[in-house]
Amino acid sequence: MNGKISRTLLIETPALPGNLGKVATAIGMAGGDIGEIETVQVGPTYTMRHITVQVDNQEQLGELLEVVRKLDGGIHLHAVSDDVLRAHEGGKIQMVSKNPIRSLADLRRVYTPGVASVCQAIKEEPEKARIYTSIGNTVAIVTDGTAILGLGDIGPVAGMPVMEGKAALFDQFAGISGVPILLNSKDPDEIVRTVKNISPGFSGILLEDIGSPHCFEVEERLKKELDIPVMHDDQHGTAVVTLAAVISASKSAEIDLREAHVGQIGLGAAGLAICRMFMAYGVKKVFGADKSEDAKERLKQYGGHVMGTLEELMEQCDIVIATTGVPGLIQEKWVKPGQVILALSNPKPEIEPEAALKAGAAYAADGRSVNNILGFPGIFRGALNSRSQEITHPMLVAAAEAIAGCTKLGDLVPHPLDPRVHSVVAEEVAKVSLATNKNRYDYV
Ligand SMILES: NC(=O)C1=CN([C@@H]2O[C@H](COP(=O)(O)OP(=O)(O)OC[C@H]3O[C@@H](n4cnc5c(N)ncnc54)[C@H](O)[C@@H]3O)[C@@H](O)[C@H]2O)C=CC1
Ligand SMILES: CC(=O)C(=O)O
Ligand SMILES: [Mg+2]
């Protein structure tokens, strides 16, 4: 790319000769190099096109856009997309039919009247729905938009690109259909009621980016009241992958994890679950810090130790994890030589791994590599394969150990695109579920 900037402009022109020429001239006069031109929609009086342009720098791009925006006579610039925005145009997922419908016989088989006999079979034996519908392989990805990555309460619609991303990962790594469900309420009663009401169409519920503290009540109640697996990804998916990374780091750094001092900065959804996971794994000293008194109180209730300041925590701990959503929160001067630092906030970490390593950390990573993507697809695949009605703590530990087992010595976690890791996680989770869960469906 020679440092050049490429953008795709979505431009509407009146469907009359000369208008595309006007646009091309304006772009050329502003120093833009036109690449591809693609017609995306032909309306009764207008044409919409994607026009890809290349410019030398940001300033030139600004000038070019100003010139195009000033064009009159019905010419409108609707969108300016970089390659990330382009990958999101029209969304990242779609529902497609598995059966081609090419003949009337096909039509009658997949739709009326054929479908009626399938409905009757399910009416007589409801468990048959898992065989004759997509329900058995479909998981709802539910958000109320209150903690979208570290961006905060930006609402469920603004969070949709994340939910579509999770659905794409479910599909690619576990062959599961993930369906985003956007909720227009932050009230735990309403969230629980709504999820319960839609639950017949799903075999699992992945709660995503629901903020603390209401996420705790929502998950606990849904786990109790539904007989399908429910997991809040930001809590347990994150805790699983963090445990895996710390198991690997301890092995490489020859630290006895159970005797190590582990410090967690940020005790929200991810942070509290990470602390609980470490304590349940046998780590004796788990310290936490948060700006919220309530969050610190919750840690104490689970048996964790609260630290007054972040500096104290950094001073005290061999392994430090941060999930606050605050970029740059950890100062380089606080890093102790030989420390393990996982600054997991997305989209930007509390300290860049390079800076932490330069400051003396033995191992450092951010939320791009130590990411719950390594956990949730395989955890749900394993739960669905074993027809588990829940996701239990031993299943989560099995997932963490499986991820650690797939990690090369010296690395913290495996590559997320390594398909093996997701199938190994699924296998180990299913094994534990089959060995320990009593209430499994028994329909075949
Ligand atoms: N890498 C990964 O796989 C994952 C990363 N995350 C990241 O973790 C971050 C937090 O997510 P959640 O736990 O869901 O949010 P949350 O809102 O439930 O928790 C954030 C916690 O950080 C605390 N906090 C905020 N600013 C602070 C400060 N200056 N000092 C001390 N504490 C502070 C808040 O009081 C709150 O308790 C987000 O950036 C998210 O992207 C979350 C899940 C997975
Ligand atoms: C990865 C993820 O779930 C988060 O940052 O919220
Ligand atoms: Mg999340």
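Residues numbered from 1 in each chain as written. Chains lettered and ligands numbered in written order. Predicted model: local features only at pLDDT ≥ 70, side-chain atom pairs only at ≥ 80, totals over all residues. Heavy atoms only, no water.

K.L.:
Just to check I follow, could you spell out the site of ligand 1 for this structure?
P.N.:
Near ligand 1 you find 25 residues, and of these S212, A269, A270, D290 and N372 are the closest. Backbone polar atom of G268 to an oxygen atom of ligand 1: 3.4 Å apart, as the coordinates give it. Notes on ligand 1: free accessible area 850 Å², of which the protein chains cover 87%. Split by residue class, the shell around ligand 1 holds eight nonpolar, 14 polar and three charged. (Near = heavy atom within 4 Å. Polar contact = N/O pair within 3.5 Å; in protein donor to acceptor, adjacent residues only side chain to side chain. Areas by Shrake-Rupley, 256 points an atom, 1.4 Å probe, with all protein chains shown as cover. Nonpolar A, V, L, I, M, F, W, Y, C, P; charged D, E, K, R; others polar.)

K.L.:
What am I meant to see in the pairing of strand 2 (residues 33-42) here?
P.N.:
Moving residue by residue along a regular strand, the side chains alternate between the two faces of the sheet. Where strand 2 and strand 3 (residues 46-55) come together, seven bridges link them in antiparallel fashion. Across the sheet, residue T39 finds its bridge partner in strand 3, namely R49. Here strand 2 folds back onto strand 3 in antiparallel fashion, the turn holding three residues. (Pairing = 2+ DSSP bridges. Helix = DSSP H or I, 4+ residues; strand = E, 2+ residues; numbered from the N terminus.)

K.L.:
So what exactly am I meant to see when it comes to the side chain of Q264 here?
P.N.:
Mapped onto the secondary structure, Q264 falls in strand 9 (residues 261-265). For Q264, a relative accessible area of 1% corresponds to the buried category. Apart from residues lying up to four places away in sequence, Q264 is in contact with G271, I274, C275, F287, G288, A289, L313, I321, A322 and T323. (Buried < 20%, exposed > 50% of the residue type's maximum accessible area, 1.4 Å probe, protein only. Contact = heavy atoms within 4.5 Å.)

K.L.:
Is there a simple way to think about the sheet that holds strand 1 (residues 5-14) in this case?
P.N.:
Sheet strands line up and pair through hydrogen bonds in the backbone, either parallel or antiparallel. Read across the sheet, four strands follow the order 2-3-1-4 without closing on themselves; strand pairing throughout is antiparallel. Of all strands in the sheet, those bounded by a partner on one side alone are strand 2 and strand 4 (76-81). The mean inter-strand angle of the sheet, taken between neighbouring strand axes irrespective of direction, is 20 degrees. Sheet strands touched by helix 2 (residues 58-70): strand 1, strand 3 and strand 4. Its angle to strand 1, the strand with the most contacts, is close to 0 degrees. (Axes fitted to C-alpha atoms, helices over the stretch in contact; angles between N-to-C directions.)

K.L.:
Looking at this structure, how should I read the nonpolar core?
P.N.:
Nonpolar side chains in soluble globular proteins generally cluster together in the buried interior. In this structure, I205, L257, F278, I321, L342 and I379 are the most contacted members of the largest nonpolar core, which totals 85 residues. For this core, the leading source of residues is helix 10 (residues 233-253), giving nine residues. Beyond its immediate sequence surroundings of up to four residues, L257 is in contact with L243, V246, I247, S250, V262, F278, Y281, V283 and I319. Counting residues in each nonpolar core, the second largest holds 20 residues, with V320, I330, A343 and A364 among its members. (Core = buried A, V, L, I, M, F, W, Y, C linked by side-chain atoms within 4.5 Å.)

K.L.:
Can you walk me through the coordination of the magnesium ion (ligand 3) in this structure?
P.N.:
Metal coordination angles have textbook ideals: 109.5 degrees for a tetrahedral set of four donors and 90 or 180 degrees for an octahedral set of six. Looking at the magnesium ion (ligand 3), the protein donor atoms are E208 (OE), D209 (OD) and D234 (OD), and they sit 2.0 to 2.1 Å from it. We note that the donor set of the magnesium ion (ligand 3) lies within a single chain, spaced as E-D-x24-D. Taken together, the residues E208 in the loop between strand 7 (204-207) and helix 9 (214-225) and D234 in helix 10 connect sequence positions 26 residues apart. The exposure class of E208 is buried, given its relative accessible area of 1%. (Donors = N, O, S within 2.8 Å, 3.2 Å for Na, K, Ca; no water.)

K.L.:
How do you make sense of unusual backbone geometry when you look at a structure like this?
P.N.:
The general pattern is negative phi for most residues beyond glycine and trans for most peptide bonds. A cis amide bond, omega 5 degrees, links S212 with the succeeding residue P213. Following N346, the chain continues to P347 via a peptide bond in cis, the omega torsion being 0 degrees. The phi dihedral of L149 falls on the positive side, at around 45 degrees, and the residue is not glycine. Along the chain, L149 falls in the loop between strand 5 (138-143) and helix 7 (160-174). The class of L149 is partly exposed, set by a relative accessible area of 40%. Its identity as a non-glycine residue notwithstanding, E254 has a phi of 55 degrees, on the positive side.

K.L.:
Just to check I follow, could you spell out helix 8 (residues 188-198) for this structure?
P.N.:
Quick reminder: α-helices carry 3.6 residues per turn. Residues three or four places apart thus point the same way. Of all the residues in helix 8, the buried ones are P188, I191, V192 and V195. Burial along helix 8 is one-sided: seen end-on, the buried residues are contained in an arc of 95 degrees. Turning to helix 8, the residues buried within the fold contact strand 5, strand 7 and helix 9. (Arc of directions from axis to C-beta.)

K.L.:
What is the right way to look at the sheet that holds strand 8 (residues 230-232) in this model?
P.N.:
If you walk across this open sheet you meet the four strands as 6-5-7-8, and the pairing is parallel. Each edge of the sheet is formed by a strand with only one pairing partner; in this case those strands are strand 6 (177-182) and strand 8. Mean inter-strand twist for the sheet, computed between neighbouring axes without regard to direction, equals 20 degrees.

K.L.:
I keep staring at the pattern of salt bridges and nothing clicks. Help me out?
P.N.:
Should the charged atoms of two oppositely charged side chains come close, the side chains can pair. If you walk through the whole model with that rule in mind, you get 19 salt bridges. The closest approach of N and O atoms between E225 and R221, which form a salt bridge, is 4.0 Å. Linking E225 with R221, this pair stays in helix 9, spanning four residues, or about one helical turn. Overall, E225 belongs to the partly exposed group, its relative accessible area being 40%. Residue R221 is classed as partly exposed on the basis of its relative accessible area of 24%. K431 is paired through a salt bridge with E428; the nearest N and O atoms lie 2.9 Å apart. Of this pair, K431 and E428 both sit in helix 17 (residues 419-436), three residues apart, roughly one helical turn. Take E428: its relative accessible area is 25%, and that puts it in the partly exposed class. One salt-bridge network, held together by shared partners, links D189, K196, E217, R221 and E225. (Salt bridge = Lys/Arg side-chain N within 4 Å of Asp/Glu carboxyl O.)

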